[in-house]
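# Descriptive structure summary
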Amino acid sequence: MVHELKNKITAGEVFFGIKQVLKNSKNLNKVIVPSDCREDIINLLEKNRIDIEIMEFSKEEMANKLELNFKCEVFGLKK
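Bear in mind the structure is a predicted one, so any value in this text is a computation, not a measurement.

### Quick word on the packing of aromatic side chains
Enumeration according to the criterion identifies 2 aromatic pairs in this entry. Here phenylalanine 16 and phenylalanine 70 contribute two aromatic rings whose centre-to-centre distance is 5.6 Å and whose plane-to-plane angle is 80°, an arrangement assigned as edge-to-face. Of this pair, phenylalanine 16 sits in strand E1 (residues 14–16) while phenylalanine 70 sits in the loop between helix H4 (59–65) and strand E4 (75–78), and the two are 54 residues apart along the sequence. When the ring of phenylalanine 16 is compared with that of phenylalanine 75, the centres are 5.9 Å apart and the planes differ by 70°; the resulting orientation is edge-to-face. Of this pair, phenylalanine 16 sits in strand E1 while phenylalanine 75 sits in strand E4, placing them 59 residues apart in sequence.

### Section: the pairing of E4
Relative to E4, E1 runs antiparallel, the two sharing 3 bridges. If you follow phenylalanine 16 over to E4, its bridge partner there is phenylalanine 75. Where strand E2 (residues 28–33) lies against E4, 4 bridges are found, and the strand directions are antiparallel. Looking at the pairing, lysine 30 lines up with leucine 77 of E4.

### With respect to the side chain of serine 58
Note that serine 58 resides in the loop between strand E3 (52–54) and H4. Accessibility expressed as a relative area gives 18% for serine 58, which makes it buried. The contact partners of serine 58, leaving out residues within four places of it in the chain, are Pro34, Ser35 and Asp36.

### Regarding the confidence of the model for the chain
When pLDDT is averaged across the chain, the result is 94; 100% of the residues are at 70 or more. No element of the chain has a lower mean pLDDT than helix H1 (residues 2–10), which averages 91, and none a higher one than E1, which averages 97.

Rules and cut-offs
Residues numbered from 1 in each chain as written. Predicted model: local features only at pLDDT ≥ 70, side-chain atom pairs only at ≥ 80, totals over all residues. Heavy atoms only, no water. Phe/Tyr/Trp six-rings, centres within 6.5 Å; stacked < 30°, edge-to-face > 60°. Helix = DSSP H or I, 4+ residues; strand = E, 2+ residues; numbered from the N terminus. Pairing = 2+ DSSP bridges. Buried < 20%, exposed > 50% of the residue type's maximum accessible area, 1.4 Å probe, protein only. Contact = heavy atoms within 4.5 Å. pLDDT = per-residue confidence, 0-100.

This is the structure in structure tokens:
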């Protein structure tokens, strides 16, 4: 899944962060969150009926694997 997410980031098909995900919720396929995502963020996504996939990696591990220079808690995959 990390490889697929990295390809989507390269293609510009990802919304980063909870604000962008909620703002563009109608254009989402699903949302990927790291294992250490805050519970209030997950509850907010569930409240808005957004499909969530929780990864086995932490924010820091995902930033390293995706070669990002920032940590992100919410990755929204565009339709």
